[in-house]
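Residues per chain, in single letters:
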Amino acid sequence: MIYKNSTELMQLAGYPVYMSDIADACLLGRLNLFMIGDTGSGKTQLARDMMDKFGDKTVYILGRNDMDTRELFQQINLEKLKTAKTSAEIKELTDKINYHLVVVDELPNCVPSVRGQLFNLFDGFVEVNGKAYPIGRGYSIGVAAGNLGQKFTESSNDLGRALKDRMHVIIDSDYFSPKPSDTLEILAENTNPRVNFQSDGLDQSEEIINKHNELVKQSTPFEKLVLANYLVHGLDYCNNGMSKRKLKDQWPAAITSHAKGSDEALVLPLSTRAAKSTIRLSQALDSIVQGKAGKPVDINLLESMMQAYKFVAAYSGVLNDASVDANYSGDKYKTLDAVIQTTQAQVQQQEDNIRAGLEMVKSRKVNQKILDRFTGRWTFMRDILTYLAQQEGAKNEN
Ligand SMILES: Nc1ncnc2c1ncn2[C@@H]1O[C@H](COP(=O)(O)OP(=O)(O)OP(=O)(O)O)[C@@H](O)[C@H]1O
Ligand SMILES: [Mg+2]
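First, a word on scope: everything that follows refers to the structure included in this document. These numbers come from a predicted model, not from an experiment.

About the cut-offs
Residues numbered from 1 in each chain as written. Chains lettered and ligands numbered in written order. Predicted model: local features only at pLDDT ≥ 70, side-chain atom pairs only at ≥ 80, totals over all residues. Heavy atoms only, no water. Helix = DSSP H or I, 4+ residues; strand = E, 2+ residues; numbered from the N terminus. Contact = heavy atoms within 4.5 Å. Core = buried A, V, L, I, M, F, W, Y, C linked by side-chain atoms within 4.5 Å. Buried < 20%, exposed > 50% of the residue type's maximum accessible area, 1.4 Å probe, protein only. Domains from an automatic or database assignment. Axes fitted to C-alpha atoms, helices over the stretch in contact; angles between N-to-C directions. Parallel < 35°, antiparallel > 145°, perpendicular 65-115°, else oblique. Left-handed = near helix turned anticlockwise from the far one by under 90°. Pairing = 2+ DSSP bridges. Phe/Tyr/Trp six-rings, centres within 6.5 Å; stacked < 30°, edge-to-face > 60°.

1. Observations concerning the environment of Pro 16
Reasoning step 1: Within the fold, Pro 16 resides in strand 2 (residues 15-17).
Reasoning step 2: Distance from Pro 16 to Ser 6, taken between C-alpha atoms, is 9.1 Å for residues ten residues apart in sequence.
Reasoning step 3: Among residues more than four places away in sequence, those in contact with Pro 16 are Glu 8, Met 10, Gln 11, Asp 21 and Lys 292.

2. Here we look at the nonpolar core
Most often, soluble globular proteins keep nonpolar side chains buried together rather than apart.
Reasoning step 1: Ranked by size, the top nonpolar core spans 120 residues in total, and within it Ile 171 and Tyr 309 carry the most contacts.
Reasoning step 2: Here this core gathers at least three residues from each of two domains, domain 1 (10-216) and domain 2 (222-397).
Reasoning step 3: The contact partners of Ile 171, leaving out residues within four places of it in the chain, are Leu 9, Met 19, Ile 22, Leu 33, Phe 34, Met 35, Ile 36, Phe 176, Phe 311 and Tyr 333.

3. A look at the packing of helix 11 (residues 272-293) against helix 12 (residues 301-313)
Reasoning step 1: Here helix 11 crosses helix 12 at 125°, and the two axes come no closer than 8 Å. Taken together, the axis directions place helix 11 and helix 12 in an arrangement best described as oblique. Along this stretch, helix 11 crosses helix 12, giving a crossing that reads as right-handed. Between helix 11 and helix 12, the contacting residues are Ala 274, Ser 277, Thr 278, Ile 279, Leu 281, Ser 282, Leu 285 and Asp 286 on the first element and Leu 301, Ser 304, Met 305, Ala 308, Tyr 309, Phe 311 and Val 312 on the second.

4. Considering the side chain of Thr 335
Reasoning step 1: You can see Thr 335 is positioned in helix 14 (residues 332-363).
Reasoning step 2: Setting aside its immediate chain neighbours within four residues, Thr 335 contacts Leu 266, Leu 319, Val 324 and Tyr 328.

5. Quick notes on the sheet that holds strand 8 (residues 141-146)
Reasoning step 1: Taken together, the five strands give an open sheet; going across it, the order is 4-5-8-3-9, and neighbouring strands pair in parallel fashion. In this open sheet, the two edge strands, each paired with only one partner strand, are strand 4 (58-62) and strand 9 (169-172). The mean angle between the axes of side-by-side strands here comes to 15°, regardless of whether they run parallel or antiparallel.
Reasoning step 2: Bridge analysis of strand 5 (residues 101-105) against strand 8 gives four bridges, and the strand direction is parallel. Following the sheet pairing, Val 103 is matched in strand 8 by Val 143.

6. Structural notes on the packing of aromatic side chains
Both the distance between ring centres and the angle between the ring planes are used here to describe each pair of aromatic rings.
Reasoning step 1: Applying the stated rule across the entire model yields ten aromatic pairs.
Reasoning step 2: On the basis of an interplanar angle of 50° and a centroid distance of 4.7 Å, the ring pair of Tyr 175 and Tyr 333 is categorised as tilted. On the criterion of sequence distance, the pair formed by Tyr 175 in the loop between strand 9 and helix 7 (180-189) and Tyr 333 in helix 14 is long-range, its members being 158 residues apart.
Reasoning step 3: Judged by its relative accessible area of 37%, Tyr 175 falls in the partly exposed class.
Reasoning step 4: Relative to Tyr 333, the ring of Phe 311 has its centre 5.7 Å away and its plane inclined at 40°; by these criteria the two rings are tilted. Of this pair, Phe 311 sits in helix 12 while Tyr 333 sits in helix 14; the two residues are 22 residues apart in sequence, bridging distant segments of the chain.
Reasoning step 5: The buried category is assigned to Tyr 333, whose relative accessible area is 2%.
Reasoning step 6: Three or more aromatic residues joined by ring pairs make a cluster, and in this case those are Tyr 175, Phe 176, Phe 311, Tyr 315 and Tyr 333.

Taken by themselves, the reported measurements are silent on function.
Below, the structure is given as structure tokens:
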């Protein structure tokens, strides 16, 4: 690995997690990664290093605004698609494409039609005549980089929406740029300003895919599922009984004045898709940290979920930008740290109730008194516990 960066993005169980660990976690979790930045902090280098793990089962594409889909297909050895007529012919061509990792540098330069095909590649298929043809044999991932500059406001423009939908983890790499001591090392090593692409020829595709398959087979701890529900449903709740989702464009203007300063006006709930990415990233980070420790370590599930949430949510469009600007000097990560603090306090307050709820589930009987303990943004627990108690009951009858 040539990329160097010893800036800590988080700590889990006392172990530091770096940019390259997040990159590994994305490979492990099969999560698409987008690196934002405009300072030459090594985005392209890190993407190249990631490619290095996949031998020849990877492709690098440099985004240009004059590239059309025909040229894109040429670059991925699908130029014959032009002459293929039947879907059998197309399938024969696409079956030969075995890319596990597609790297797109300067993605924002791509025109929307090319971007669309690139996102399909990230998700493991190409689309021809409205039909999807799989590539990458079940494991495919996309890593993209680019400077977004003025063109980017997450929720409103076309690129912002497209990124939000298809890139699961979006990180501002300038925010976590290398330390001066890293720069010292980088500069002392060589002064070639080009990206180094040294391949040691070791193809780790199988190993990565196997680890990924193991990860997705793990069942998600119940605590993580509850936390994900909090992020999807708890954060949807407004004190006046309204739902942020239902408020649509009225949020955050419709938030009552006494809640204006709280996170109620600061953050939207996660989408189900983002909640899945959060759990996946959290599971992958846990696994990376276990690997670093070299022995089983106790990772606090709340901590791990919250850190994953931070890196999934920051650029996912859930934050109220005006409030981030006014209260956190535009710093999305600081904003999320505050949301995380509130969430941790909320969870601590609920610990006894959740424990009582789980006892209720075990007893297989719905107890309204216990359900009534969950109020406000925790009201979602009533539905979960009722469902689980009924399931337990049904299990017992069988
Ligand atoms: N963190 C780093 N570790 C190792 N090398 C680095 C690092 N950051 C930059 N470099 C070196 O500096 C040069 C520029 O890095 P790179 O092209 O990866 O930056 P970038 O973030 O992609 O920049 P841009 O936003 O301009 O595309 C390369 O020679 C690269 O090897
Ligand atoms: Mg670059």
